[in-house]
Amino acid sequence: PTKKLHSLKELDDKDYRQYFIHLKLLSVNNNLLNTMVLTDFSFLSRIEANHNQLSTVSLRLPKLEKLDLSHNMLNALPPLDELPNLTELRVNENHIKKISYKSIKCVKETLIVLEMNSNKVDFSQPKEFFDFAKMMGENMLKLKAFSIDNNPFTSSQIYGGNYKNVFLFYCK
């Protein structure tokens, strides 16, 4: 049987990092990772970490453009403030309960795609969602696609039950 990864701790260790200094793509899909901490990989521009058990993610990667953390155990978006070039963030099928403009504000000048389908996002009132959507539209300068389908609020009776599978915004 194939052995699956549980940790990337060794990869982030300075003694091992030297061997991966020019790494541009890290694909660790379909493992048993529960924590991902990566710093100072100067060339890393894309991470694919689908179908793991990630609940903690901490990244300090100045060149990272694409981050896919779909099908994991995240309860919240990972901190994005150390990802100044992030253009695509996919966190589909996690356990994320809340989203706010504040949590993504730090990538407002770079983010083009944000996918949050099939999470547990719930806005208590329609106004809360529409205020969030307004902030996104007014401030996310490059955002072209925002998808938040199949979350509790999209089928809620508070919203009239009319929003199921429709929240895909193409902006600007």
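Just so it is clear, the model here is predicted, and its values are computed rather than measured.

Each value, and the rule that gives it
- Residues numbered from 1 in each chain as written.
- Predicted model: local features only at pLDDT ≥ 70, side-chain atom pairs only at ≥ 80, totals over all residues.
- Heavy atoms only, no water.
- Buried < 20%, exposed > 50% of the residue type's maximum accessible area, 1.4 Å probe, protein only.
- Helix = DSSP H or I, 4+ residues; strand = E, 2+ residues; numbered from the N terminus.
- Pairing = 2+ DSSP bridges.
- Core = buried A, V, L, I, M, F, W, Y, C linked by side-chain atoms within 4.5 Å.
- Contact = heavy atoms within 4.5 Å.
- Phe/Tyr/Trp six-rings, centres within 6.5 Å; stacked < 30°, edge-to-face > 60°.

**Topic: the pairing of strand S4 (residues 56–60)**
- Every second residue of S4 is oriented toward a common face, the buried set being Val57 and Leu59 and the non-buried set Thr56, Ser58 and Arg60.
- The pairing of strand S2 (residues 35–39) with S4 spans five bridges and is classified as parallel. Across the sheet, residue Thr39 finds its bridge partner in S4, namely Arg60.

**Points about unusual backbone geometry**
- Even without glycine at this site, His51 takes up a positive phi of about 55 degrees.
- Positive phi, close to 55 degrees, is recorded for Asn150, a residue that is not glycine.
- Overall, Asn150 belongs to the partly exposed group, its relative accessible area being 37%.

**Description of the nonpolar core**
- Core analysis: the biggest nonpolar cluster contains 44 residues, and Met36, Leu38, Ile47 and Leu59 have the highest contact counts within it.
- Secondary-structure elements contributing two or more residues to this core are S2, S4, helix H3 (101–104) and helix H4 (126–139).
- Take this core: its biggest share by element is four residues, from H4.
- Contacts of Met36, omitting those with residues within four sequence positions, involve Leu8, Val28, Ile47, Ala49, Leu54, Thr56, Val57, Ser58 and Leu59.

**Examining the packing of aromatic side chains**
- Taken as a whole and judged by the stated rule, the model has four aromatic pairs.
- Between the aromatic rings of Phe123 and Phe129, the centroid separation amounts to 5.3 Å while the plane-to-plane angle is 65 degrees, which identifies the pairing as edge-to-face.
- The exposure class assigned to Phe123 is buried, which follows from its relative accessible area of 4%.
- Residue Phe129 is classed as buried on the basis of its relative accessible area of 1%.
- Between the aromatic rings of Phe132 and Phe146, the centroid separation amounts to 5.9 Å while the plane-to-plane angle is 65 degrees, which identifies the pairing as edge-to-face. Remark: Phe146 occurs in strand S8 (residues 145–147) and Phe132 occurs in helix H4; sequence separation between them is 14 residues. Phe146 carries the same exposure label as Phe132, and that label is buried.
- What links up through ring pairs into an aromatic cluster is the set Phe123, Phe129, Phe130, Phe132 and Phe146.

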